[in-house]
Amino acid sequence: MLELKGLSKRFGETVAVDNVSLKIPAGAMVGVIGRSGAGKSTLLRLINRLCDPTAGEIMWHGTPVGGLNGKALREWRARCGMVFQQFNLSPRLDVMNNVLTGSLCRNQGIAPLLKMFPAEERARAILELHALDMADAALQRCCTLSGGQQQRVAIARTLMQMPDIILADEPIASLDPANAETVMETLARINRERGITVLVNLHALDIARRYCPRIIGMAQGRVVFDGSPDALHAAAVEQIYGRHVFEASSPAVTQSPMRLGAVA
Ligand code: ADP
């Protein structure tokens, strides 16, 4: 169980995350939706301690992670794999070596930096690439791949960390619709087959509805909706995205759960 208790993050005058309390059972697949600036990214970054909260606590299976540092913090970060919108791969490195860097959090020392990864890590990297249908591209430079392929490589790299949680920050925002579907199917399959908890920030409401059994809606740093896609009716959508969404929709649509694409 991942538990956030009264979590807040301030940047000067800006309250990016405002008193968020959530319980996320291990193995859940949760979509976090909201307008730009709602605090979605900061929430994920707080969870893996890329930034520290101004107030509140994060617990994993009952153990606080807020005070971790040194080796314990590195281990926590390894357990929370991040997936980013811009993939964060080394474009000139080949796919295999990009994926292998995911194991660096567990293999310290100079050998990995010299690309001397142990045979078992190399075998595991190939297996992860195979699972994501990317093994054929193992020796290609990442800069030669499509965005969707690069995101699958980035997910394979994250899996090398053997994470308990994947925190995916707008993983499909740079992708065309077909690649976006493939990446979401990949995350959903990893969640289903491996029981890895997935928290995914999404801009597109229709995608969140289809892939995430639980949706958390954020506005101005606060959680304003937490429930199933079926419960996400027009009033909740308005609270999350604001009135402008309705101006772009027909009155008939606003009476029922909304089927919107990307909204700003
Ligand atoms: P979202 O992911 O929903 O777009 P963010 O979490 O990125 O929202 O941002 C929430 C708010 O916090 C925004 O007002 C943003 O400008 C602000 N913010 C985020 N990161 C920083 C930072 N490092 N320094 C200052 N303000 C920040």
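Since the model is a prediction, treat every value here as computed from it, not as a measurement. Within every chain, residues take consecutive numbers counted from 1 along the sequence as written. Only residues with pLDDT of at least 70 get local features here, since the model is predicted, and only at 80 or more are side-chain atom pairs given and counted; chain-wide, interface and lining totals rely on the full set of residues. Side-chain calculation: all heavy atoms of the structure are included, whereas hydrogens and water are not.

Draft legend 1. View of the site of the ligand. Each residue is tested against the molecule or strand, and it is near if at least one of its non-hydrogen atoms lies within 4 Å. The environment of the ligand is made up of Phe 11, Thr 14, Ala 16, Arg 35, Ser 36, Gly 37, Ala 38, Gly 39, Lys 40, Ser 41 and Thr 42. Pairs of N or O atoms are called polar contacts if they sit within 3.5 Å, as long as, within protein, a hydrogen donor faces a hydrogen acceptor (for residues adjacent in sequence, only side-chain-to-side-chain pairs). Gly 37 places a main-chain nitrogen or oxygen 2.7 Å from an oxygen atom of the ligand. The side chain of Thr 42 places a nitrogen or oxygen atom 2.5 Å from an oxygen atom of the ligand. Compared with its free state, where it exposes 560 Å², the ligand has 56% of that area covered by protein. Where accessible areas are quoted, they stem from the Shrake-Rupley method and a 1.4 Å probe; at the residue level, only the protein chains shown are allowed to cover.

Draft legend 2. Seen up close, the layout of surface pockets. Quantified by volume, the largest pocket comes out at close to 290 Å³. Lining residues are defined by having an atom within 4 Å of a point belonging to a cavity or pocket. Those points lie on a 1 Å grid over the protein atoms alone, cavities being sets where a 1.4 Å probe fits but cannot get out and pockets being open sets with protein on both sides within 12 Å along at least five of seven lines. Together, 14 residues line the largest pocket, and Asn 48, Arg 77, Cys 80, Met 82 and Gln 161 are the ones closest to its centre. Helix and strand assignments come from DSSP, with helices taken as H or I runs of at least 4 residues and strands as E runs of at least 2, each series counted from the N terminus. Elements that contribute at least two residues to the lining of the largest pocket include exactly α2 (70-79), β6 (80-84) and α5 (147-159). A class-by-class count of the residues in the lining of the largest pocket yields 6 nonpolar, 5 polar and 3 charged. Grid points are joined across faces, edges and corners, and a volume is the space filled by probe spheres set on the points. Side-chain classes are defined by residue name, with Ala, Val, Leu, Ile, Met, Phe, Trp, Tyr, Cys and Pro counting as nonpolar, Asp, Glu, Lys and Arg as charged, and the others, Gly among them, as polar.

Draft legend 3. Just the nonpolar core, in detail. The biggest cluster of nonpolar side chains holds 51 residues, and the ones touching the most others in it are Met 29, Ile 33, Met 184, Val 200, Leu 202 and Leu 232. In terms of residue count, helix α6 (residues 177-194) provides more of this core than any other element does, 6 residues in total. Whether two residues are in contact is decided by their heavy atoms: any pair within 4.5 Å suffices. Not counting residues within four places of it along the chain, the set of residues in contact with Met 29 comprises Met 184, Leu 187, Ala 188, Asn 191, Val 198, Val 200, Tyr 211, Cys 212, Pro 213 and Arg 214. Here, nonpolar core refers to any group of buried Ala, Val, Leu, Ile, Met, Phe, Trp, Tyr and Cys residues whose side-chain atoms link them within 4.5 Å. Per-residue accessibility, obtained with a 1.4 Å probe over protein chains only, is compared with the maximum for each type, and a residue is labelled buried under 20%, exposed over 50%, and partly exposed between these values. One finds Ala 28, Leu 44, Trp 60 and Leu 199 within the second-largest nonpolar core, a separate group that totals 27 residues.

Draft legend 4. Region of interest: the sheet that holds strand β8 (residues 197-202). Here the rule is simple: two strands pair whenever DSSP picks up at least two bridges between them. Reading across the sheet, the 6 strands line up as β6-β7-β8-β3-β9-β10 and stay open at both edges, with mixed pairing between neighbours. The sheet is open, and its two borders are formed by β6 and β10 (222-227), each paired with just one other strand. Strand-to-strand twist across the sheet, computed as the mean angle between neighbouring axes with direction ignored, equals 20°. With 5 bridges joining them, strand β3 (residues 29-33) and β8 adopt parallel strand pairing. Residue pairing for β8: Gly 31 is matched across the bridge by Val 200. Fitting a line to C-alpha atoms yields each axis, with helices limited to the stretch in contact; the angle taken between N-to-C directions then spans 0 to 180 degrees. Sheet strands in contact with α2 are β6 and β7 (165-169), and its direction is about 55° off that of β6. Sheet strands touched by α6: β3, β7 and β8. Its angle to β8, the strand with the most contacts, is close to 155°.

Draft legend 5. Summary view of the packing of α5 against α6. Direction vectors running N to C along α5 and α6 enclose 20°, while the axes themselves pass 9 Å from each other. Classed by the angle they form, the pair α5 and α6 counts as roughly parallel. For the pair α5 and α6, the sense of crossing is right-handed. For the pair α5 and α6, contact is made by Gly 148, Gln 151, Arg 152, Ile 155 and Leu 159 and by Asn 179, Thr 182, Val 183, Thr 186, Leu 187, Ile 190 and Arg 194, respectively. Of the residues assigned to the contact of α5 with α6, the class counts are 5 nonpolar, 5 polar and 2 charged. Should an angle fall under 35 degrees it is called roughly parallel, over 145 degrees roughly antiparallel, and 65 to 115 degrees roughly perpendicular, with every other angle called oblique. Note: crossing handedness is left-handed where the near helix turns anticlockwise from the far helix by less than a right angle, and right-handed where it turns clockwise.

Draft legend 6. A look at unusual backbone geometry. Of note in the backbone geometry, Asn 19 takes a positive phi value of approximately 55° without being a glycine. Along the chain, Asn 19 falls in strand β2 (residues 14-24). In this structure Asn 19 comes out as partly exposed when scored by relative accessible area, which is 46%. Even without a glycine there, the phi angle at Arg 49 is positive, about 65°. Here Arg 49 is to be found in the loop between α1 (40-47) and β4 (55-60).

Draft legend 7. Expanded view of the sheet that holds strand β5 (residues 63-64). Strand order in the open sheet made by the 4 strands is β2-β1-β4-β5, with antiparallel pairing throughout. Strand pairing shows two members of the sheet lacking a second neighbour, β2 and β5, which therefore form its edges. Two elements, strand β1 (residues 2-11) and β4, share 5 bridges in a ladder whose sense is antiparallel. Across the sheet, residue Leu 2 finds its bridge partner in β4, namely Trp 60.

So far we have only geometry, and geometry alone does not tell us how the molecule works.
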